[in-house]
Amino acid sequence: MKILMLDLDTLRPDHMGCYGYFRNTTPVLDSIAAEGVRFTHYHCSDAPCLPSRAALCSGRFGYHNGAIGHGGLPGDMRLTGIERGFQDQRDTNNLFHLFRKAGMHTVSISPFAERHSSYWFTAGFNEVYNTGHCGLESAEEVLPVALDWVKRNAASRDNWFLHINFWDAHTPYRAPAEFGDPFENDPIPDWITDEVLKQHNHMTGPHGSMEIGMYTDAENPRFPRHPGKVTDRAGLRRFFDGYDCGVRYMDGMIGKLLDALKEEGVADDLAIIVTADHGENLGELGLYAEHATADEITTRIPMIIKWPGVKPAVLDGFHYNLDLVPTIADLLGLPHYEKWDGESYAEALRTGEDKGRDYLVVSQCAHVCQRSVRFGDYLYMRTYHDGYHLWNDEMLFDLKNDPYEQHDIAKERPDLCGQACRCLVDWEHQMRLTADTDVDPLVTVLREGGPFHAKEGNLAAYCRRLEETGRADGAAALRKKYHVAD
């Protein structure tokens, strides 16, 4: 069997044609979706990059594997401890090792392990090609490595699994200048009106419309598509085109990869998995070019599976990325590991009948500290550290009628907030009962001083910037909440 996994960093599904986007960003990926199973409500359990892939690989929630942040103790998976054998069961039962157990030669082309010092990611691979720029790669740097491997191995090996990691949709938006702008005559998403943008320009917090570079509006000349701030319609166009051009450029490179596989005669029976680690806030909650929350936009990801014997379908149930581990085990006829949190959806792939979960609990602890409940048409967000955005501790959004999360209805619908809180309490109770330790890693983040990226900035200096840019009220509120001296 031959399997290709496309791990497309920061690709939000609603900017793909097969998920309904009005711009032609993903013609190649759309063609894969037409022949495969596409999931509409698929989420990473823990965001962003490092926590998401930790859950994906381990099949366990961040609460259990410990990796929920980008630094400090929660930037690493917990040690297995006294149960560890000569080899670590966590590694021998991770996602990629399953393909080894099934007799496949496993290969990864990705800088992720080095980017986050997360070398557990390489467990199970026979070959690892680090493209060497810690996630700042453009697709033209990744593709030649993949094409070389395909030329040397795709036809000559009988059983292989090839994982390829593209980063073009990740900030900073970096499609080469010579690619041009295929969307320059297309409209941009129209939900950010002039009035909405004016509101965004007055908001506080890193990665807002006035400080896309976290706490600054400085631009890097290496990445001319990536703005430092957005204050008008021209800036909005540059911003949306920057992201969408990255997606389209990457999609074209994937097309070249598929052409090479066809030339080697292995495309017809090739299984393909297409997914991402997280999405990207493009104005939602006032955030620009970042994946900093536990909301629908950051945690919802694409999942497309083209598998031998599986008919094309669209599945609408709630699923986590960590559900892929037991699913692959079932598809390959392998036993389950007792500590996986994931629930297999292999039967849904085979039958096209999808039940999914009743609700999802998703988290973010790298930029803010949040746990959110995705249930029915709603998203309930509980904030424990707001990362200097001054959000309410409790927020509720009706995603069916408010997909861009503009109207917090928590005060109008205490009944729904109560329902979501019960789900969250039940989930946390189950996590404690099945954890290897009594420590909730979210509490560890808070005791270490807050989310990693909130600690990076000088809050006093940021408050002065807010005052200098007409947001003195935000500066005063931050000083009061976080006890910042004038």
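What this report covers is the structure whose coordinates are included nearby. (Residues numbered from 1 in each chain as written. Predicted model: local features only at pLDDT ≥ 70, side-chain atom pairs only at ≥ 80, totals over all residues. Heavy atoms only, no water.)

Looking only at helices and strands, the chain has 17 helices and 15 strands in total. Relative to the 2.2 N^0.38 estimate, which gives 23 Å for 486 residues, the radius of gyration of the chain is 22 Å and therefore close to what a compact globule would have. Within the chain, the fraction of its 486 residues that count as buried is 62%. Considering only residue pairs separated by 6 or more positions, the chain has 68% of its internal contacts joining residues 24 or more positions apart. Working note: accessible area of the chain is about 18900 Å², and carbon and sulfur atoms make up 49% of it. In the chain, 49 positive and 74 negative side-chain charges are present, and the distance between their average locations comes to 2 Å. (Helix = DSSP H or I, 4+ residues; strand = E, 2+ residues; numbered from the N terminus. Rg over C-alpha atoms; globule rule 2.2 N^0.38 Å. Buried < 20%, exposed > 50% of the residue type's maximum accessible area, 1.4 Å probe, protein only. Contact = heavy atoms within 4.5 Å. Areas by Shrake-Rupley, 256 points an atom, 1.4 Å probe, with all protein chains shown as cover. Lys, Arg positive; Asp, Glu negative; His and termini not counted. Charge placed at Lys NZ, Arg CZ, Asp CG, Glu CD.)

What follows is about the pairing of strand β14 (residues 378-385). The buried fraction of β14 is high, at 6 of 8 residues. The turn linking strand β13 (residues 369-375) back onto β14 is made up of 2 residues, and G376 within it adopts a positive phi angle of 55 degrees. Pairing between β14 and strand β15 (residues 394-398): 5 bridges, direction antiparallel. Pairing of Y378 across the sheet is with D398, part of β15. (Pairing = 2+ DSSP bridges.)

With that settled, consider the side chain of T171. Considering the arrangement of structural elements, one finds T171 in the loop between β6 (160-166) and α8 (194-201). T171 sits in the buried class, given a relative accessible area of 15%. At a separation of 3.2 Å, a polar atom in the side chain of T171 contacts the side chain of H226. Residues within four places of T171 in sequence aside, it is in contact with H226, E280, A289 and H291. (Polar contact = N/O pair within 3.5 Å; in protein donor to acceptor, adjacent residues only side chain to side chain.)

What follows concerns the environment of V230. With respect to the secondary-structure elements, V230 resides in the loop between α8 and α9 (233-263). Its relative accessible area of 0% is what places V230 among the buried residues. Here the alpha-carbon distance between V230 and H200, two residues 30 residues apart in the chain, equals 9.3 Å.

Ordered in space as β3-β12-β13-β14-β15, the 5 strands form an open sheet in which the pairing is mixed. This sheet does not close on itself; its edge strands, each paired only once, are β3 (46-47) and β15. Note that β3 and strand β12 (residues 360-364) share 2 bridges and pair parallel. Within β12, the position partnered with A47 by the bridge is Q364.

A separate point is the packing of helix α7 (residues 139-154) against α9. Two elements in contact, α7 and α9, have axes separated by 10 Å at closest approach and are oriented at 10 degrees. In terms of orientation, α7 and α9 fall into the roughly parallel class. Contacts from A139, E140, L143, A146, L147, V150 and A154 of α7 reach α9 at Y249, M250, M253, K256, L257, A260 and L261. (Axes fitted to C-alpha atoms, helices over the stretch in contact; angles between N-to-C directions. Parallel < 35°, antiparallel > 145°, perpendicular 65-115°, else oblique.)

For helix α1 (residues 27-34), the set of buried residues is V28, L29, D30, I32 and A33. Packed against the buried residues of α1 are β1 (2-8), β2 (37-43), α9, β7 (271-275) and β10 (303-306).

As a further point, take the pattern of salt bridges. For side chains bearing opposite charge, pairing can occur when the charged atoms are close. Applying the stated criterion across every chain yields a total of 31 salt bridges. Measuring nitrogen to oxygen at the nearest pair gives 2.7 Å for the salt bridge that ties E211 to R465. Placement of E211 in the loop between α8 and α9 and of R465 in helix α16 (residues 459-468) is noted, with a sequence separation of 254 residues between them. Across the pair, exposure class does not vary: E211 and R465 are buried alike. Close ionic contact of E428 with R371 constitutes a salt bridge, the shortest N to O distance being 3.0 Å. Here E428 is found in helix α13 (residues 414-434), whereas its partner R371 is found in strand β13, with 57 residues between them in sequence. The class of E428 is buried, set by a relative accessible area of 15%. Taken together, the shared-partner salt bridges in this structure form one network comprising E211, D217, K229, R465 and R471. (Salt bridge = Lys/Arg side-chain N within 4 Å of Asp/Glu carboxyl O.)

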